[in-house]
Amino acid sequence: MSYLFIPIVIFFGLIILISAFFIVKQQSAAIIEQFGKFSRISHAGLRVKIPLVERVAGRLSLKIQQLDVIVETKTLDDVFVRLKVSVQYKVIRDKVYDAFYKLDYPHDQITSYVFDVVRAEVPKMKLDDVFVKKDDIAIAVKSELNDAMSDYGYDIIKTLVTDIDPDAQVKAAMNRINASEREKIAAQYEGDAARILIVEKAKAEAESKRLQGQGIADQRREIARGLEESVEVLNRVGINSQEASALIVVTQHYDTLQSLGEETNSNLILLPNAPQAGSNMLNEMVASFTASNQIGEAMKEAKKKEK
C-alpha cells in the first residue's frame, strides 16, 4: 500500500517545487510576503520563493501610466466649464513598498488632488483666461501632485489640460462674437476698397474732364483761327469785319441745318427755322455789331474827357 502513496507524494512534491518559481515581467515589480509580512521586492526575471511560506502579494507596473480626470467648475465670470486633465505618472522604483502599502486606490488619491487644485485655480480666472493660461493650471496641478504623491512612491511625470469645454450656449455665444468680429473686419476692408474705388474713379473723371476741357479749348482755338483767316479773306474783297462775321455766322447756321437734315434718326428741332430766319439773324447781328461799336467809341471819348 505504501507504494501507492509514492506517486501521490511525488506529484504534490512537483507541484510545490513548481510553485516555488515565478516570473516578473519587464518594467514590473512583485511584492513578496512571508506569512502575511513583507519580505522583499522582486524585479524582472525568473524568481524563486519559499513554497507554502512565501507568496506573491501583488504586482506593480513601473511603466508610465496616464489617468484622465474630468473636472467641472466655475470661472470668475460665472461660466461653468468642464476641464479634462491628463496626469502621467509612474511608480518610483525605489519606493515600490510605499506605493503598494500606503495607498489602496492611487487613482482616487490623484483624482482628489486634481479636483482640489483645478477648483482652486479656475475660479480666479475668466473664461478667456482659462484658454490662455491652461498651461499654468497644468503646472499648478503637477506641483501639488508631486508634493503629495512622492511620499506614497509615485512620481508625477507631466500634467496636461487636454480639453476645455464650456456650456453649449456659451460656446454658441463665443462663436457669434467671433463671427461678428470677422464680419466687422470684412466690412472695414470692403469700405476701404469702396473708398479707394470712389477716389480712383473721381481722379479718372477729373483727368477726363481736364482732357475734355483741353480738347474743347484746342477746338475753339482752331475755330477762332479759322474765323480769323476767313475774315481776312473777306476783307480783301471789300467786306468789312462786321459783315464778314455776320456772313460767317449765317453760313454756319445753314451748315448746321444741312448736317441735321442728313441725320435720318434725328429728333432735334431747331427754332426759329422760318425761311426769313437767316436774314433776320444777319440783320440783328449787324445791328448788334454797330451798337457795340458805338458804345465802344462813346467810352473812349468819355475817357479822353476825363484825362
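Residues numbered from 1 in each chain as written. Predicted model: local features only at pLDDT ≥ 70, side-chain atom pairs only at ≥ 80, totals over all residues. Heavy atoms only, no water.

Describing the overall build of the protein
Cut-off, in case you're wondering: Each helix is a run of H or I in the DSSP string that is no shorter than four residues. Each strand is a run of E no shorter than two, and both are numbered from the N terminus. The buried label applies to any residue whose accessible area, calculated with a 1.4 Å probe on protein chains only, is under 20% of its type's maximum; exposed applies above 50%, and partly exposed to all values in between. Contact criterion: two residues are considered in contact whenever any of their non-hydrogen atoms come within 4.5 Å of each other. To measure how exposed things are, a 1.4 Å probe is used in the Shrake-Rupley method; for residues, cover is taken only from the protein chains shown.
Counting its secondary structure elements, the protein contains eight helices and eight strands. Buried residues in the protein amount to 21% of all 307 residues. Excluding contacts between residues fewer than 6 apart, the proportion of contacts in the protein whose partners are at least 24 apart in sequence is 63%. Per element, the accessible surface of the protein, about 21700 Å² overall, is 57% carbon and sulfur.

Topic: a nonpolar patch on the surface
The cut-off we apply is this: Each patch groups residues whose relative accessible area exceeds 30% and which form no salt bridge, using 9 Å between like charges and 5 Å between nonpolar side chains of Val, Leu, Ile, Met, Phe, Trp and Tyr. By definition here, a salt bridge exists when the distance from a side-chain nitrogen of Lys or Arg to a carboxyl oxygen of Asp or Glu is within 4 Å.
Taken together, the side chains of I6, I10, L14, L17, I18, F21, I23, L46 and V48 define a hydrophobic patch exposed on the protein surface, amounting to about 920 Å² of accessible area. Contributions of two or more residues to the nonpolar patch are made by α1 (2–19), β1 (21–24) and β4 (45–48). Of the residues forming the nonpolar patch, the biggest block, five residues, is contributed by α1. Following the sequence through the fold, I23 ends up in strand β1.

A look at the sheet that holds strand β5 (residues 54–61)
Heads up, the rule is: Strands pair, by our definition, only if DSSP identifies at least two bridges between them. Axis definition: a line fit to C-alpha positions, over the contact stretch in the case of helices; interaxial angles, taken between N-to-C directions, run 0 to 180 degrees.
Reading across from one edge, β3-β2-β5 is the order of the three strands in this open sheet, with antiparallel pairing throughout. Edge positions in the open sheet fall to β3 (37–42) and β5, since each of these has one partner strand only. Neighbour-to-neighbour, the strand axes of this sheet turn through a mean angle of 25 degrees, independent of strand direction. One ladder, built from seven bridges, connects strand β2 (residues 28–34) with β5; its direction is antiparallel. Its bridge partner lying in β5, A30 is registered against R59.

Here's the deal with the sheet that holds strand β7 (residues 80–91)
On the basis of which strands lie adjacent, the open sheet formed by three strands has the order β6-β7-β8 and antiparallel pairing. Two strands bound the open sheet, and with one partner strand each, they are β6 (65–74) and β8 (154–166). For this sheet, the mean inter-axis angle between neighbouring strands, taken without regard to orientation, is 20 degrees. The pairing of β7 with β8 spans eleven bridges and is classified as antiparallel. Within β8, the position partnered with V87 by the bridge is T159. The strands that helix α5 (residues 134–149) touches are β7 and β8; relative to β8, the one it contacts most, it runs at about 145 degrees.

Re the nonpolar core
Worth spelling out the cut-off: Residues enter a nonpolar core if they are buried and are Ala, Val, Leu, Ile, Met, Phe, Trp, Tyr or Cys, with the set joined through side-chain atoms within 4.5 Å.
In this structure, L83, I110, V114, V118, I137, V141 and L145 are the most contacted members of the largest nonpolar core, which totals 32 residues. Mapped by element, the contributors of at least two residues to this core are β2, β6, β7, α2 (96–101), α3 (106–121), α5 and β8. A total of six residues in this core trace back to one element, the largest contributor, which is β7. Residues in contact with L83, not counting those within four places in the same chain, are V69, I70, V71, T73, V118, V122, V130, I137, V161, D163 and I164.

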